[in-house]
Structure formats: C-alpha cells, structure tokens
Amino acid sequence: MSSRETVLGRVRRALADVPRGERPDEAPVGRDYLRVHGERSPRETVRLLTEHLTDYRARVHHCSPAGLPEVVAELLSRQGSRSVVAPAGVPDAWLPRDVEHVADSPTLTARDLDAVGSVVTGCAVAVAETGTLVLDASRDQGRRSITLVPDHHVCVVRVPDQVVGSVPQALERLDPARPQTWISGPSATSDIELNRVEGVHGPRTLDVVLVGEDSSML
C-alpha cells in the first residue's frame, strides 16, 4: 500500500460516521470554551498586554495622543532611520519632518522596502493574553509587505479601545474576509541547536506605542 492510499484510508475511516450529503457548515461546532481566562479590568488587560509584549522582546512605550509624534521621532532617531514608509491612513502628524517619507504604493518592490529604515502603522486589535498585534490591511495598516520587509516596525495601539483580553474576543472584532497579519514580538526563529535569530522573516525590531488619554491605563 502506498503512502497516498494509507492517508486516504485514514481520512475515510475518520469520516465513516458522517452522512454522505452533509456539508461542513451544517455540522454544529461546540462553542462552550472559555472566551477569556479570568476577569480583568481594562487597566489590568493593558498591563497584561505590556508584560507579554515585553516577554516577546518587543519594546513598549506609553504616551498621550499629543505626545505620539515626539515618541515616534525618538524611536526613528534611536534606530538611525533616515526614511520611513507609512500607509495612507497614518496621519502626517505622526511622522517627523526630518526623515524621508516614502509613500506606500503597489509599485514599491521588496528591494525598495528593504532600503527603507522603518515602517509606522496602526493596528486592528491587540490581544493581551498572547501579546499579539493583529493588522488587517485597513488604511492605517496598509499592505502586509510594508510590515514584513523593513527591519523596524513602529505599531501604534489605542488603549483601551483596541486592546482585548483573548483571541476569541479579537476574532469577534475582525472581518474574516480581510487579510490579517498576527504579530507576537519581532520576527524570530531558532535553529536545531535553539540559537535564536531575529529578523529572518520580518522586522528585527518591534516598537509598540500604547496611546491613551487616561494615564492610569498606561
């Protein structure tokens, strides 16, 4: 018996009790799992997000909306970036004037993006329990490639509005028809000897700026 026949045989046995005419969307799916682990206030949820982002080696910063341009300017300066790309929905006021602004365009190639120092985006939702940022290609997040090719990503998160406790809560806010990028810290991988290497398939450095009017949340 070939490997193909072995695999197909296992599939047939697994489907033996499924009526032949049944469609996948007709089968009930249990939804009795926990939507969130424990009860937390919005402030505690934001703090949990900060802890997990830090665990993943992201650099976390806090500021008010008025202070955001200064924070972004400092982060680009610290990175030594002389150019920045941002999607169309990112306000010009977020970006410092003393660096080159590269307008996002489908004509930008991977080589073009690799020459850009940093990318600045917003986000769709941030998940506290997993320390994950989700981008869904909205106007302030742009194409997936602009957040994967440049070596430095600055992601702006509005708190507490864009922060949820768990993955199920995040999924309820997301449109499954939109392209999504789930980011848990800077890009990292390990070889067989568990040597960690960052920047292989995404930004080597991730700065997350939590922006809120209420300083007690930060």
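Residues numbered from 1 in each chain as written. Predicted model: local features only at pLDDT ≥ 70, side-chain atom pairs only at ≥ 80, totals over all residues. Heavy atoms only, no water.

### Some points on helix H3 (residues 68-79)
When the terminal C-alpha atoms of H3 are compared, their 17 Å separation across 12 residues agrees well with the 16 Å that a helix rising 1.5 Å per residue should span. Among all positions in H3, only Leu 68, Val 71, Val 72, Leu 75 and Leu 76 are buried. The arc enclosing the buried residues of H3, seen along the axis, measures out at 130°, which places them on a common side. Exposed residues pointing more than 90 degrees away from the buried face of H3 are listed as Glu 70 and Ser 77. Buried positions along H3 lie against strand E1 (59-63), strand E2 (83-86), strand E4 (118-121), strand E7 (152-158) and strand E12 (205-211). Just past H3, the residue Gly 80 takes up positive phi, approximately 80°. (Helix = DSSP H or I, 4+ residues; strand = E, 2+ residues; numbered from the N terminus. Expected span 1.5 Å × (residues − 1). Buried < 20%, exposed > 50% of the residue type's maximum accessible area, 1.4 Å probe, protein only. Arc of directions from axis to C-beta. Contact = heavy atoms within 4.5 Å.)

### As for the sheet that holds E4
In spatial order, the strands read E1-E12-E7-E4-E2-E3; together these six strands make up an open sheet with parallel pairing. Among the strands making up the open sheet, the edge pair consists of E1 and strand E3 (100-103). This sheet shows a mean twist of 25° between the axes of neighbouring strands, independent of strand direction. Bridging between E4 and E7 involves three bridges; their strand directions are parallel. (Pairing = 2+ DSSP bridges. Axes fitted to C-alpha atoms, helices over the stretch in contact; angles between N-to-C directions.)

### A look at the side chain of Thr 205
Mapped onto the fold, Thr 205 is located in strand E12. Judged by its relative accessible area of 16%, Thr 205 is buried. Thr 205 has contacts with Arg 59, Gln 79, Asp 151, His 152, His 153 and Pro 186, leaving out every residue within four places of it along the chain.

### Some points on the nonpolar core
Membership of the largest hydrophobic core comes to 19 residues, with the highest contact counts inside it found for Leu 49, Leu 53, Leu 133, Val 157, Val 163, Val 208 and Leu 210. Listed by contribution, the elements that provide at least two residues to this core are helix H2 (42-55), strand E6 (132-135), E7 and E12. Top contributing element to this core by residue count: H2, with four residues. Sequence-distant contacts of Val 163, defined by excluding residues within four places in its chain, comprise Thr 45, Val 46, Leu 49, Ala 126, Val 157, Arg 158 and Arg 173. (Core = buried A, V, L, I, M, F, W, Y, C linked by side-chain atoms within 4.5 Å.)

### Some remarks on H2
An ideal rise of 1.5 Å per residue puts 20 Å on 14 residues; H2 measures up with 20 Å between its terminal C-alpha atoms. Buried within H2 are the following residues: Thr 45, Val 46, Leu 48, Leu 49, Thr 50 and Leu 53. For H2, the secondary structure elements touched by its buried residues are E1, strand E5 (125-127), E6, strand E8 (163-164) and E12. Backbone geometry just downstream of H2 places Arg 57 in the positive-phi region, at approximately 75°.

### Observations concerning the UniProt feature "domain: LUD" (unreviewed entry) in the protein chain
Summarizing the sequence annotation, UniProt attributes the feature "domain: LUD" (unreviewed entry) to residues 111-211 in the numbering used throughout. As annotated, residues 111-211 comprises 11% helix and 36% strand, and the C-alpha atoms at either end are separated by 32 Å. (UniProt positions renumbered as here; feature names shortened; annotations may be inferred.)

### Some words on the sheet that holds E6
Within a sheet, neighbouring strands are paired by backbone hydrogen bonds and run either parallel or antiparallel to one another. Reading across from one edge, E8-E5-E6-E9 is the order of the four strands in this open sheet, with mixed pairing throughout. Two strands close off the open sheet at either side, each with one partner strand: E8 and strand E9 (181-183). As paired strands, E5 and E8 are joined by two bridges and run parallel to one another. Across the sheet, Ala 126 pairs through a bridge with Val 163, a residue of E8.

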